[in-house]
Amino acid sequence: MEVAKQRAIQSIVNAYITSFASGLLTRYESEVDDAEGVVNMKKNNCFIAELGEEFMFYSAFVRSFDSSFGNLLEKMGKDIAKQSFEVRGSINSFLLPEQTQRIASILDSYNSHSSKPKIQHYANISWIYPTNINSFIRTHATDNYFYNERTNEHILIELKASGDLDNKKSKAEKNALLDEYYMLLNQLRNETNPKIKILFGTAYNKFGEGNPWKQERVQQFFAQEELLIGKDYWNFICDDSDGFNIIFEQYKISCSEIKRVLKNIKRLYFEG
């Protein structure tokens, strides 16, 4: 990776992590005297309180932290992607009834296990476009739409920053991505063989980096080539095989600020 790009990515990681730590401190300082604050409410649970201050504090803290931190990772990923891609927003296009039917047929075959996911199921299909498309026009907000000018690729990513996906949501996530795929394909219909990828990513591998990712319900709806799990996701948005290592090494340095803030918050509630 070029030095300038590496430093830019390190700066982005540091800025997001230190800002997140500052926000945590501000929030929990403001709730110290609030009887309905997250930590104070947990202190009133005599069953939890009996397990000790350490457990009480983190049981109150961790659920909210996990959700907020997931949002942080997704926003940070988008900013990092700007070093390699053009980051785009909503897709304003149209979706044909025939395409909706095609999507339903694909998902039904996956749901019934009559076929395994393949990119060929939705790609490289010719469509006849009607003269009047007004009744089919719609807008679809996208979580992550990146354009790679170097390869002329349009990339749509559904990211689960928590590293997991509820088994019941796999079908819906693939449905949404296929909607986006066909809407974007329709938008680019005047281009010759537009390159569009749909991908499902997680911020970390819940089974451990380097280990096989075995969430079978997701694999029921997504082909292996559509998955960006943990390290692969960060390498992809950095457009570099060393992306994850650079990001995580900087995170290990910057997260000392989160550790410091956590100690301060705990003192506010249990030593103040």
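Everything numeric here is computed off the predicted structure, so don't read it as measured data.

Enquirer: Any chance you could explain the overall build of the protein here in plain terms?
Expert: Regarding its fold elements, the protein presents 10 helices and seven strands. For the C-alpha atoms alone, the extent of the protein along its principal axes is close to 70 × 45 × 40 Å. Per-residue burial over the protein gives 44% buried out of 272 residues. Entry remark: accessible area of the protein is about 14,800 Å², with carbon and sulfur atoms responsible for 47%. Here the protein contributes 33 positive and 36 negative side-chain charges, whose respective centroids are spaced 3 Å apart.

Enquirer: Help me understand the environment of Asn-144 in this model?
Expert: Positionally, Asn-144 belongs in strand β4 (residues 144-148). Classification of Asn-144 as buried rests on a relative accessible area of 1%. Residues Asn-144 and Ser-115, spaced 29 residues apart in sequence, show a C-alpha to C-alpha distance of 28 Å. If sequence neighbours within four positions are ignored, Asn-144 has contacts with Glu-74, Lys-78, Ile-155, Leu-156, Ile-157 and Leu-159.

Enquirer: How should the environment of Tyr-129 be read in this particular structure?
Expert: With respect to the helices and strands, Tyr-129 occurs in the loop between α5 (97-111) and β3 (137-140). Since its relative accessible area comes to 28%, Tyr-129 is described here as partly exposed. A C-alpha to C-alpha distance of 11 Å links Tyr-129 and Asn-190, two positions 61 residues apart in sequence. Ignoring sequence-local partners within four residues, the contact set of Tyr-129 consists of Phe-94, Leu-96, Gln-99, Leu-185, Asn-186 and Arg-189. Here Asn-186 takes part through its side chain, which lies 2.9 Å from a polar atom of the side chain of Tyr-129.

Enquirer: What's the story with the sheet that holds strand β6 (residues 195-202) in this structure? I'm lost.
Expert: Two modes of strand pairing occur in sheets, parallel and antiparallel, and in both the strands are linked by backbone hydrogen bonds. If you trace the five strands from one edge of the open sheet to the other, you get β1-β4-β5-β6-β7, paired in mixed fashion. One side of each edge strand has no neighbouring strand; the edge strands of this open sheet are β1 (86-88) and β7 (227-229). Neighbour-to-neighbour, the strand axes of this sheet turn through a mean angle of 30 degrees, independent of strand direction. Pairing analysis gives three bridges linking β6 to β7, with the strands arranged parallel. For Thr-202, the partnering residue across the bridge sits in β7 and is Ile-229. This element, helix α6 (residues 170-187), spans β4, β5 (153-160) and β6 of the sheet and lies at about 160 degrees to β5. Across the sheet, helix α8 (residues 231-238) is in contact with β4, β5, β6 and β7; its angle to β7 comes to roughly 105 degrees.

Enquirer: Honestly, the pattern of salt bridges in this entry has me stumped. Any pointers?
Expert: Pairs may arise between side chains of opposite charge once their charged atoms sit close together. Tallied over the full model, the rule gives 12 salt bridges. Residue Asp-108 is joined to Lys-171 by a salt bridge in which the shortest nitrogen-to-oxygen separation is 4.0 Å. With Asp-108 in helix α5 and Lys-171 in helix α6, the pair connects residues that are 63 residues apart, well separated along the chain. By relative accessible area, which is 30% here, Lys-171 ends up partly exposed. The partner of Arg-150 in a salt bridge is Asp-239, with the nearest N and O atoms 2.9 Å apart.

Enquirer: In this structure, what is going on with unusual backbone geometry? I would like to understand it.
Expert: For residues other than glycine, phi is negative in most cases, and the peptide bonds are mostly trans. Of note in this structure, Asn-152 is not a glycine but carries a positive phi near 60 degrees. Relative to the helices and strands, Asn-152 is located in the loop between β4 and β5. Of note, the phi angle at Asp-239 is positive, near 55 degrees, even though the residue is not glycine. With respect to the secondary-structure elements, Asp-239 resides in the loop between α8 and α9 (243-254). We classify Asp-239 as partly exposed; its relative accessible area is 33%.

Enquirer: Teacher, can you tell me more about the nonpolar core here?
Expert: Side chains that are nonpolar tend, in soluble globular proteins, to be buried together. The biggest cluster of nonpolar side chains holds 45 residues, and the ones touching the most others in it are Leu-24, Ile-80, Trp-234, Ile-258 and Ile-265. Contributions of two or more residues to this core are made by α1 (3-30), α4 (53-81), β5, α8, α9 and α10 (256-270). When sequence neighbours within four positions are dropped, the list of residues in contact with Ile-258 reads Ile-17, Phe-20, Ala-21, Leu-24, Phe-65 and Phe-69. One finds Ile-103, Ile-106, Tyr-181 and Leu-185 within the second-largest nonpolar core, a separate group that totals 28 residues.

Criteria and cut-off values
- The residue numbers shown here count from 1 along each chain, following its written sequence.
- Totals for whole chains, interfaces and linings use every residue, but because this is a predicted model, local features are given only for residues with pLDDT of at least 70 and side-chain atom pairs only at 80 or more, for both listing and counting.
- Neither water nor hydrogens contribute to the side-chain values; these are computed over all heavy atoms in the structure.
- Numbering goes from the N terminus for both helices and strands, where a helix is a DSSP run of H or I of at least four residues and a strand is a run of E of at least two.
- Only protein chains enter the accessibility calculation, which uses a 1.4 Å probe; a residue is then buried when its area is under 20% of its type maximum, exposed when over 50%, and partly exposed in between.
- Method for areas: the Shrake-Rupley scheme with a 1.4 Å probe, in which residue coverage is limited to the protein chains shown.
- Note on charges: Lys and Arg go in the positive column, Asp and Glu in the negative column, and His and the chain ends are not counted at all.
- Where a charge lies is defined by one atom per residue type: Lys uses NZ, Arg uses CZ, Asp uses CG and Glu uses CD.
- Two residues qualify as a contact provided that any one of their heavy atoms is within 4.5 Å of a heavy atom in the partner residue.
- Pairs of N or O atoms are called polar contacts if they sit within 3.5 Å, as long as, within protein, a hydrogen donor faces a hydrogen acceptor (for residues adjacent in sequence, only side-chain-to-side-chain pairs).
- Strand pairing is defined by DSSP finding a minimum of two bridges between the two strands.
- Interaxial angles span 0 to 180 degrees and are taken between N-to-C directions of axes, which are lines fitted to C-alpha atoms, for helices over the stretch in contact.
- Salt-bridge detection follows one rule: a side-chain nitrogen of Lys or Arg within 4 Å of a carboxyl oxygen of Asp or Glu.
- Note on terminology: a nonpolar core comprises buried Ala, Val, Leu, Ile, Met, Phe, Trp, Tyr and Cys residues joined through side-chain atoms within 4.5 Å.

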